[in-house]
Amino acid sequence: MAKRAASRADRIGLRAAMADRLLPFMVAAMSFLAALALAGSIAASALATHWLSGAQGLITIEVPNPGQPVAANGPRRADAVLTLLQATPGLADAHVLSRQSLATLLKPWLGAAASDGTLPIALPAVIVAHSRTATPDPATLDAKLAGIAPGTLVESGASWAARLEALTDSLRASAAAVLVIVALVAASVVAVAVRAGLAQRREAIEIIHGLGALDSDIANQFARRAMRLAATGGLIGALVALPVLVWLGRLSASFVASAPSINTNPASALASALPPLLWASPVLFTVATALIGWVAAQATVRGWLKQLT
Amino acid sequence: MIRFSHVGLNYRRTAQAGGIVSRHADATALDDIDFDIPEGGFRWLTGPSGAGKTSLLKLMYLAIHPTNGRIDLLGTDTAKLDRRGTALLRRRIGVVYQDFRLLRHLTAYDNVALPMRLARRKEAHVRADVTELLRWVGLAGRLDHRPDELSGGEQQRVAIARAVITRPSLLLADEPTGNLDDDQAERLMHLITSLNRLGTTVIVATHNLGLVARHPAPVMELEAGRMVRHG
Ligand SMILES: Nc1ncnc2c1ncn2[C@@H]1O[C@H](COP(=O)(O)OP(=O)(O)OP(=O)(O)O)[C@@H](O)[C@H]1O
Ligand SMILES: [Mg+2]
């Protein structure tokens with residue numbers, strides 16, 4: 001009786017018809033990689049947003065030989081440039097970086113010499129300004145500055161913001177490509193497993209087909225099983241990826257000052273360790289791999305059945 | 001109603017040798033077959049081994065397509081059927097294969113239940129019908145045996161039960177008494193003639209001329225792929 005009861009749920013006797021040992025593991029590996037790619041893409045976006053919000057509109061002006069007068073009895077070059085910048089419409093908050101903060105910035109490169117005045121070269125003055133909505137035309141600004149203090153360099157945040165944006169765009173595109181490839185590999189893994197199952201049950205399928213089974217009757221049997229196995233793999237992969245992502249999140253938090261690197265409440269620290277999308281990834285990936293399993297199995301079985309009249 | 005109009009069948013035997021497919025043009029199994037069987041009719045199909053009996057039945061249970069000619073089955077031109085239509089028509093045709101074709105990993109019970117389950121009958125009905133029919137063919141104590149745990153004759157009776165469980169409109173039996181003793185063969189003929197009286201069209205291919213003599217009915221006789229007698 002046990003034998004009979006066991007097969008009753010399996011209406012047409014194809015339940016055990018799939019090589020199913022490896023499938024969840026392979027899909028789990030794909031799911032894990034997909035989670036990493038997704039996290040990478042999200043992190044790239046977050047870092048870019050963070051950096052860009054600081055860099056956008058920031059203009060740095062280096063004035064060489066700042067102490068030299070502009071003309072005989074004229075003001076110091078640094079002061080003249082500062083006055084010009086303060087008068088330029090569209091620029092705000094122009095100020096000279098203090099020797100102290102300049103020394104702090106340069107310390108990693110120049111060492112203690114940066115601050116104790118023993119440096120054998122004269123440091124330029126560094127003026128920082130924020131450009132408002134309308135950025136001043138760089139060519140006009142350059143020309144004016146060259147008149148007062150030749151050799152002055154203007155470094156606009158906009159130029160490297162564009163480069164940073166290009167970088168994050170390509171990171172996101174790579175992550176999307178990884179997701180697509182990983183999905184295709186998962187689909188192929190399912191297709192291979194289903195094909196093995198079909199080959200193993202060839203005779204039974206021919207008989208059932210001869211008894212009048214529709215292609216959908218047979219395909220659904222395989223698809224249901226493939227869906228369950230793939231979804232299991234998808235869930236496992238995403239769950240295994242979570243701790244790794246939390247750990248990576250901790251590491252990258254130090255680059256993003258606004259991210260909560262140290263939080264006294266451990267629960268909320270964990271919750272905010274990852275973006276919500278990543279916490280949802282186990283659910284997302286379970287659904288996605290279930291879908292991949294179903295579709296890949298349906299397509300494989302229906303294609304295979306074409307050889308039967 | 002079954003109608004064959006100038007049906008020919010040529011097996012293009014394909015031999016796979018290093019991927020090369022060779023075609024033998026001489027594989028003509030049936031030639032210009034022409035006959036009608038009215039709904040509810042009964043026919044014996046006889047002829048020496050290799051005459052084409054199984055081939056003719058295969059055409060009728062839609063396992064192969066004719067090379068030429070036209071076949072109408074249960075009111076349908078078979079050439080016009082799509083995949084779904086073919087499958088649904090197959091469900092109205094019960095087949096007892098010469099080699100049984102039972103599912104090896106399923107019990108006798110599940111093998112017989114298969115056509116009912118494909119038709120999505122309720123499990124309660126399946127249980128009632130399958131147990132009754134298996135009891136009728138003398139297999140009440142064998143419900144949970146798999147084919148490899150059954151004798152040849154028992155397997156044949158399972159195959160017969162599977163063919164008739166859904167009361168098909170057309171019953172095709174290929175040498176159904178080959179593994180049965182005379183007693184069992186008579187019981188089987190009783191089952192088949194009962195179905196026939198209920199309206200099922202029946203065609204039985206056999207070498208057993210004694211059986212044919214005991215159950216008089218029109219005979220279709222094949223010889224080397226040609227119909228040499230019908231009536
Ligand atoms: N799949 C096949 N491919 C090629 N030739 C085949 C195929 N099946 C049968 N034949 C050939 O077709 C002819 C008719 O075979 P068929 O099986 O119809 O004979 P039969 O009358 O059923 O014989 P038997 O009484 O031995 O069962 C034979 O010559 C056989 O060799
Ligand atoms: Mg035969």
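Residues numbered from 1 in each chain as written. Chains lettered and ligands numbered in written order. Predicted model: local features only at pLDDT ≥ 70, side-chain atom pairs only at ≥ 80, totals over all residues. Heavy atoms only, no water.

In the annotation of an unreviewed UniProt entry, the entry for chain B reads Cell division ATP-binding protein FtsE, and the organism field reads Acidiphilium iwatense. Turning to chain B, the UniProt record has this under Subunit (unreviewed entry): "Homodimer. Forms a membrane-associated complex with FtsX." Among the UniProt annotations of chain B, the heading Sequence similarities (unreviewed entry) holds the following wording: "Belongs to the ABC transporter superfamily." (UniProt positions renumbered as here; feature names shortened; annotations may be inferred.)

Identification of chain A as Cell division protein FtsX from Acidiphilium iwatense is taken from an unreviewed UniProt entry. Under the Subcellular location (unreviewed entry) heading, UniProt states for chain A: "Cell membrane".

## Concerning a nonpolar patch on the surface
Together, Trp247, Leu248 and Leu251 of chain A give the surface a local cluster of nonpolar side chains, amounting to about 320 Å² of exposed area. Using a relative accessible area of 53% as the deciding quantity, one classes Trp247 of chain A as exposed. (Patch = residues over 30% accessible without salt bridge, like charges linked within 9 Å, V, L, I, M, F, W, Y side chains within 5 Å. Areas by Shrake-Rupley, 256 points an atom, 1.4 Å probe, with all protein chains shown as cover. Salt bridge = Lys/Arg side-chain N within 4 Å of Asp/Glu carboxyl O. Buried < 20%, exposed > 50% of the residue type's maximum accessible area, 1.4 Å probe, protein only.)

## Considerations on the interface of chain B and chain A
On the chain A side, the residues contacting the 31 residues of chain B number 25 residues. Here chain B and chain A share an interface that buries about 2700 Å² over both sides, 50% of which is from carbon and sulfur atoms. It is Arg83, Arg90 and Leu118 of chain B in chain B that bury the most area against chain A; as a group they hold 24% of the surface buried on that side. A salt bridge links Arg120 of chain B to Asp217 of chain A; the nearest nitrogen and oxygen atoms lie 2.7 Å apart. Inspection of the chain B/chain A interface yields ten residue pairs in polar contact (both at pLDDT 80 or more). Listed by contribution, the elements that provide at least two residues to the side of chain B that touches chain A are helix 2 (83–90), helix 3 (108–118) and helix 4 (123–136) of chain B. Among the residues forming the side of chain B that touches chain A, the class breakdown is twelve nonpolar, three polar and 16 charged. (Contact = heavy atoms within 4.5 Å. Buried area = accessible area lost by both parts, 1.4 Å probe. Polar contact = N/O pair within 3.5 Å; in protein donor to acceptor, adjacent residues only side chain to side chain. Helix = DSSP H or I, 4+ residues; strand = E, 2+ residues; numbered from the N terminus. Nonpolar A, V, L, I, M, F, W, Y, C, P; charged D, E, K, R; others polar.)

## Quick look at the UniProt feature "transmembrane region" (unreviewed entry) in chain A
Under the local residue numbering, the UniProt record ascribes the feature "transmembrane region" (unreviewed entry) to residues 173–194, 229–248 and 277–297 of chain A. In residues 173–194 of chain A, the share of helix is 100% and the share of strand is 0%. The end C-alpha atoms are 31 Å apart.

## A closer look at unusual backbone geometry
Glycine aside, the phi torsion of most residues is negative, and most peptide linkages are trans. All names here are of chain B. Of note, the phi angle at Arg101 is positive, near 55°, even though the residue is not glycine. Topologically, Arg101 is positioned in the loop between strand 8 (93–96) and helix 3. Given the relative accessible area of 29%, Arg101 is considered partly exposed. Unusually for a residue other than glycine, Ala224 sits at a positive phi of about 45°. Mapped onto the elements, Ala224 comes out in the loop between strand 11 (219–223) and strand 12 (226–230). Taking relative accessible area as the criterion, Ala224 reaches 67% and is therefore assigned exposed.

## So, the confidence of the model for chain A
Residue and element names in this part refer to chain A. Per-chain confidence: chain A averages 81 in pLDDT, with 82% of residues scoring 70 or above. By mean pLDDT, the top-scoring element of chain A is helix 12 (residues 281–305) (95), and the lowest-scoring one is helix 1 (residues 2–8) (43). Note that residues 1–9 has pLDDT below 50 and, in this model, 20 contacts with residues that lie over four places away or in other chains. In the predicted structure, residues 257–263 sits below a pLDDT of 50 and forms seven contacts with residues beyond four places in sequence or in another chain. (pLDDT = per-residue confidence, 0-100.)

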